[in-house]
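The primary structure of each chain is shown beneath.
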Amino acid sequence: MYSKKFVGQGPTAPMIQLGVNGPNGLGPEWIPLKQDWMQRWCTLTEEYTDEFAKRIHDFETRSSDVFVVSLMKTGSTWVQELAWLLLNKLDFQQAQKSYGMVRSPYLERSGVISTTKVDSIDACDKLQSNPRLLKSHLPAQLLPRGIWTHGLKTIYVAGNPKDVVVSTYHFLTELNYSKCSLDEFVDYFIADKIGFTSYWAHVIDFYRMRDEDNIFFVTYEEMKRDLEDVIKRLSNFLCCKELTDSEMQELINHLSFENMKRSKFGNHTTFLQDCHQPTNKFEFLRRGIVGSYEDELSSESQEKINQMSRNFLNEYGISESDIFGKI
């Protein structure tokens, strides 16, 4: 199934790099848009075994399933909350008494986090919601086959790489998974040794599929610029009813960064404190602004990431600003 395994010593746990191999693996008969994913890599923890990967690949999807897919720390929790509320007729009462990770579970959680107490695949399989809203950080080629064979609705959330690397650094450091400096972390990020990277390979495949009927591609930057417009477009994508002005304002208020951060159930800090051993500084929702990297990343690290982006995107004839706008 995999063409290569590489165990490297990253800043977190030892990692495995996976590449898809066919025809006996995830063969070309199911690849959307017939893309060549033979050289796509994904760095995962050693808990993500071949057996677990096969279970993800064979996960029994339902025709009504909706997936939220992203790299870590791109704003997927924000989008999950929005999508769940749209799919559940703005049930704010339920949203204010149950964790988003319970209402919209993380499919591969038990395959990447050793302290997970439940089998996350089984938990997703048993979820009674109709539709189910499921979250994954896996790249396109490692997601359940059923997403592609059945054209299931998939929301992809992207964030600009410099903000993502800073947010991921703080997240993993404060969970005690990383002990390196931010500059060292950037080097690991560029070398694809952080979980779920390669960053640009992850993003570009969904960006290229953004016009497919079953793909909703959105950036954190778009949501910060015009949340109401994103809500309208996502509601239409999910075939939900048009919101009244008062419903829209209530939803926007619920989704504000300040309210999400104050909410025990919208902010996963308490949930993750119960599952991990974080530092006293741990905050799941930290700053919530676009361009926060400017006062945290060194100029050298910024240029390294910019060069990584230019080198990758030149192949596709696009720039970072084509995807994220002006930051």
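Residues numbered from 1 in each chain as written. Predicted model: local features only at pLDDT ≥ 70, side-chain atom pairs only at ≥ 80, totals over all residues. Heavy atoms only, no water.

- Under the annotation held in an unreviewed UniProt entry, the protein chain carries the name Sulfotransferase domain-containing protein and is attributed to Drosophila rhopaloa.
- Under the UniProt heading Sequence similarities (unreviewed entry), the entry covering the protein chain gives this text: "Belongs to the sulfotransferase 1 family." (UniProt positions renumbered as here; feature names shortened; annotations may be inferred.)

### Overview of the nonpolar core
Then, in step 1: Counting 60 residues, the largest nonpolar core has Phe-196, Tyr-199, Trp-200 and Phe-206 as its most contacted members.
Then, in step 2: Sort the elements by how many residues they give to this core and helix α10 (residues 199–208) lands first, with 7 residues.
Then, in step 3: In this structure Tyr-199 touches Leu-71, Gly-159, Asn-160, Pro-161, Val-164, Phe-189, Asp-192, Met-308 and Phe-324, once residues within four positions along its chain are discounted.
Then, in step 4: Residues Trp-78, Ile-155, Val-157 and Leu-255 belong to the second largest nonpolar core, which totals 30 residues. (Core = buried A, V, L, I, M, F, W, Y, C linked by side-chain atoms within 4.5 Å. Buried < 20%, exposed > 50% of the residue type's maximum accessible area, 1.4 Å probe, protein only. Helix = DSSP H or I, 4+ residues; strand = E, 2+ residues; numbered from the N terminus. Contact = heavy atoms within 4.5 Å.)

### Concerning empty space enclosed by the protein
Then, in step 1: Within this structure, the stated rule accounts for 3 cavities of 30 Å³ or more.
Then, in step 2: There is about 60 Å³ of room inside the largest cavity.
Then, in step 3: Residues that form the lining of the largest cavity fall into these classes: 6 nonpolar, 3 polar and no charged. (1 Å grid on protein atoms, 1.4 Å probe; cavity = no way out; pocket = protein on both sides within 12 Å on 5 of 7 lines; lining within 4 Å. Points joined across faces, edges and corners; volume = space filled by probe spheres on them. Nonpolar A, V, L, I, M, F, W, Y, C, P; charged D, E, K, R; others polar.)

### Looking at the pairing of strand β5 (residues 133–136)
Then, in step 1: Residues of β5 alternate between two faces, with Leu-133 and Lys-135 on one and Leu-134 and Ser-136 on the opposite face, all of them buried.
Then, in step 2: Pairing analysis gives 4 bridges linking strand β4 (residues 66–70) to β5, with the strands arranged parallel. Across the sheet, Phe-67 pairs through a bridge with Leu-134, a residue of β5. (Pairing = 2+ DSSP bridges.)

### Some remarks on helix α12 (residues 227–237)
Then, in step 1: Turning to α12, its buried residues number three or more, namely Leu-227, Val-230, Ile-231, Leu-234, Ser-235 and Phe-237. Projection of α12 onto a plane perpendicular to its axis shows the buried side chains occupying an angular sector of 155°, all on one side.
Then, in step 2: Looking at the packing, one finds that the buried side of α12 touches α2 (76–87), β6 (153–158), β7 (215–219), α11 (220–225) and α13 (245–254).
Then, in step 3: With its phi angle positive at about 60°, Cys-239 sits one or two positions after the end of α12. (Arc of directions from axis to C-beta.)

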